[in-house]
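Observations on the model geometry
Each chain is listed here by its residues.
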Amino acid sequence: MSDDLIAVKPAVAAGTHVDAARHAAMTAEAIADPNGFWRREAGRIAWMTTPTQIKDVDFTGDVHIRWYADGVLNASVSCLDRHLATRGDQVAIIWEGDDPASDAKITYRELHARVCRLANALRAQGVKKGDRVTIYLPMIVEAAVAMLACARVGAVHSIVFGGFSPDSLATRIQESESTILLTADEGRRGGRKVALKANADEALKSCPTITSVIVARNTGGAVEMQDGRDYWWSDVCDSQPAECMPEPMNAEDPLFILYTSGSTGKPKGVLHTTGGYMVWASYTHELVFDYRPGEVYWCTADVGWVTGHTYIVYGPLANGATTLMFEGVPNYPDVGRFWQVVDKHKVNIFYTAPTAIRSLMREGEAPVRKHSRASLRILGSVGEPINPEAWLWYYRVVGDERCPVVDTWWQTETGGILISPLPGAVAQKPGSATLPLPGVLPALVDGEGKLMEGAAEGNLVLLDAWPGMMRTVYGDHARFVQTYFSTFPGMYFTGDGARRDADGYYWITGRVDDVINVAGHRMGTAEIESALVAHTKVAEAAVVGMPHDIKGQGIYAYVTLKTGIEPTDALKKELIAWVRKEIGPIATPDAIQWAPGLPKTRSGKIMRRILRKIAANEVDGIGDTSTLADPTVVTDLVDNRVG
Ligand code: PRX
């Protein structure tokens, strides 16, 4: 690990929202007077009724988290209406297509009209406050319109990433009991088409709650439209008025559900509410990216993940920013694509994932240097630990040592960034997410939950709440309490491990549970295992993460076949294709090892620690195997390791 300190440059500090002195003052104030601090920060969004109650939180017992509980607002008003008088003709969204020849610019006024039309159309379909609407869209402007239209009518959106399979889509629709699905004919990515409507048709065979499907025409590809269920977006929207009364929402009314993977069971519906989430989205977007009016801001995530929710749509639009939405991928048509887009749209702030940085780093400096990148001011990283080597490449080559790098640590559950340098205030260290934002109280605890002081390495917890945190697991509050508050009672457990150095800087070391992070995509090993065992030839499966140069982690699967089934390369290919079909391409196993037996304790528990060591080729570190029911299985697995 690198401990080089990269100081805040005077040019960056000049005109910053938060300099070092302000950072210290805010941090102290948020601890001394959280109610006063968060009352003031609430003023950054638009309220119909200003809240008088600020914080009401209990991390013990049944756990309740309420912020601004008597406030009334509508998230879409903060993102749209209140900007019309001052910046109605400013570009809200720059859309850059997968095909470099296609782009579009949408002003705040146009976005407002498009959102209102869809909101009216949703109401015409019978959507009421509290109803769930599933969104399965590619990275087109309609995705942002869909989110804001749901918010406008008080519907709770649940976005399913366009790369998920029909099965994954179906489970998420069933769990949320959505009544409407918003999708498109097809998506585009890296020159290929993604059959979204066809996937949706497949999923809907097992989703009786869906009464209508609204389909955006994107590629113009042929799709089947079911009479009485499926409608073209333009047919339901074009005739609607461009004004729509926003639904008054209590601060604690849900804004969205987003399904994410945990260490066990089915994906959890992470529920975020309206007031606190919006304050957090605006606060963090402004502080961490030091967003200044008129700047062009680009987050390369997909709206299917939380990063897209908070840092493509809600945060930037709440702050009146120009946000860039990119349909494509970093290496199409060539590996200079990001930098070509940066120059084309004069991007000032650029936010991407370490996996993208590492894959571009492999291609050398020339494709970067070919483009000027002179507009860039701030670079951000998110989604997985960034190794110092990739951090330094990003800093030196992409940012010409001019732009600070903000390594932002957070989670779907946290709603927004919790640990990150503020560019005008905090000196950076390559590979460290540095310090908590003012108002965030991280800590490290040992295995017994004892707080660790000073420089230490342990489990990362949060000691108190912040406005943007999740409120519950949709439909399963007991699972919420169990997952996040039972390991270390009275604290929110992140599932991550971290090291804190002598300067108090945090270095996230990765998940300490059975969640893996593959190319910045979070996945539960249990989900991949259950996809594998659903195949008729598989008796048992165990999945672990293995180190991967580009993706951070790869997927390593140990598979035990049913008796009499021949282990062949053809069957490996079949299983890989099967997992892709069951979950989606992001879950494609990188390696499959035939395992005649799995290392189990006498009580039948699989010792994953051993499997992780073998996958990582760290066989010397396997340690004690004497508690296994049959220690010889380990020898066999070591001898037949793949790769
Ligand atoms: O392990 C951490 C890792 O990603 C997990 C959260 O994944 P997800 O809910 O999909 O949200 C991703 C976008 C916020 C965390 O538990 N992670 C996220 N950001 C970082 C990170 N690990 C290290 N450094 C980061 N900056």
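The structure we're discussing is the one just above.
Now for a quick tour of the structure.

Conventions and cut-offs
Residues numbered from 1 in each chain as written. Predicted model: local features only at pLDDT ≥ 70, side-chain atom pairs only at ≥ 80, totals over all residues. Heavy atoms only, no water. Pairing = 2+ DSSP bridges. Helix = DSSP H or I, 4+ residues; strand = E, 2+ residues; numbered from the N terminus. Patch = residues over 30% accessible without salt bridge, like charges linked within 9 Å, V, L, I, M, F, W, Y side chains within 5 Å. Areas by Shrake-Rupley, 256 points an atom, 1.4 Å probe, with all protein chains shown as cover. Salt bridge = Lys/Arg side-chain N within 4 Å of Asp/Glu carboxyl O. Buried < 20%, exposed > 50% of the residue type's maximum accessible area, 1.4 Å probe, protein only. Axes fitted to C-alpha atoms, helices over the stretch in contact; angles between N-to-C directions. Near = heavy atom within 4 Å. Polar contact = N/O pair within 3.5 Å; in protein donor to acceptor, adjacent residues only side chain to side chain.

Spatially, 8 strands are ordered β12-β11-β8-β6-β7-β14-β15-β24 in an open sheet, and the strand pairing comes out mixed. Edge positions in the sheet fall to β12 (230-232) and β24 (472-473), since each has one partner strand and no second. In terms of strand pairing, strand β6 (residues 132-136) meets strand β7 (residues 156-159) through 4 bridges, oriented parallel. What sits directly across from isoleucine 135, in β7, is isoleucine 159.

For the rest of this paragraph, the subject is a nonpolar patch on the surface. Together, Ile31, Leu441, Leu451 and Leu463 give the surface a local cluster of nonpolar side chains, amounting to about 320 Å² of exposed area. Inspection of the secondary structure puts leucine 451 in strand β22 (residues 451-452). Exposure remark for leucine 451: the relative accessible area of 39% places this residue in the partly exposed category.

In this section: the pairing of strand β15 (residues 268-273). Of all 6 residues making up β15, 6 are buried, and the element is well covered by its neighbours. Judged by which residues are buried, β15 turns out to be covered on both faces: Lys268, Val270 and His272 on one side and Gly269, Leu271 and Thr273 on the other are all buried. Across 6 bridges, strand β14 (residues 254-260) lies against β15 in antiparallel orientation. Bridge pairing in β15 links leucine 258 to valine 270. Relative to β24, β15 runs antiparallel, the two sharing 2 bridges. Following the sheet pairing, leucine 271 is matched in β24 by threonine 472.

Let's shift gears to the sheet that holds strand β18 (residues 349-352). The mixed open sheet is built from 7 strands, whose spatial order is β5-β4-β17-β16-β18-β19-β20. Looking at which strands have only one partner, the edges of the open sheet turn out to be β5 (103-107) and β20 (405-408). Geometrically, the sheet is characterised by an average inter-axis angle of 20° between neighbouring strands, direction not taken into account. In this structure, strand β4 (residues 91-96) lies alongside β5, joined through 5 bridges in antiparallel fashion. Each residue of the ladder has a partner; that of isoleucine 93, found in β5, is isoleucine 106.

Here the focus is the site of the ligand. Looking at the ligand, there are 16 residues lining it, with Asp407, Thr408, Thr412, Asp496 and Arg522 nearest. Here proline 385 contributes a backbone N or O atom positioned 3.4 Å from a nitrogen atom of the ligand. Take threonine 412: an N or O atom from its side chain is 2.5 Å from an oxygen atom of the ligand. Contact with the protein chains hides 95% of the accessible area of the ligand, taken as 550 Å² for the molecule alone.

Side chains Pro442 and Leu444 of strand β21 (residues 442-445) all project onto a buried face; the interleaved residues Ala443 and Val445 project onto the opposite face, where all are buried too. Examined bridge by bridge, β21 and strand β23 (residues 456-462) share 4 bridges and lie antiparallel to one another. The residue of β23 that forms the bridge with proline 442 is leucine 462. Direction of pairing for β21 relative to β22: antiparallel, over a ladder of 2 bridges. Bridging from a neighbouring strand, leucine 444 pairs with methionine 452 of β22. As consecutive antiparallel partners, β21 and β22 are separated by 5 residues, and within that stretch glycine 449 has a phi angle of approximately 85°, a positive value.

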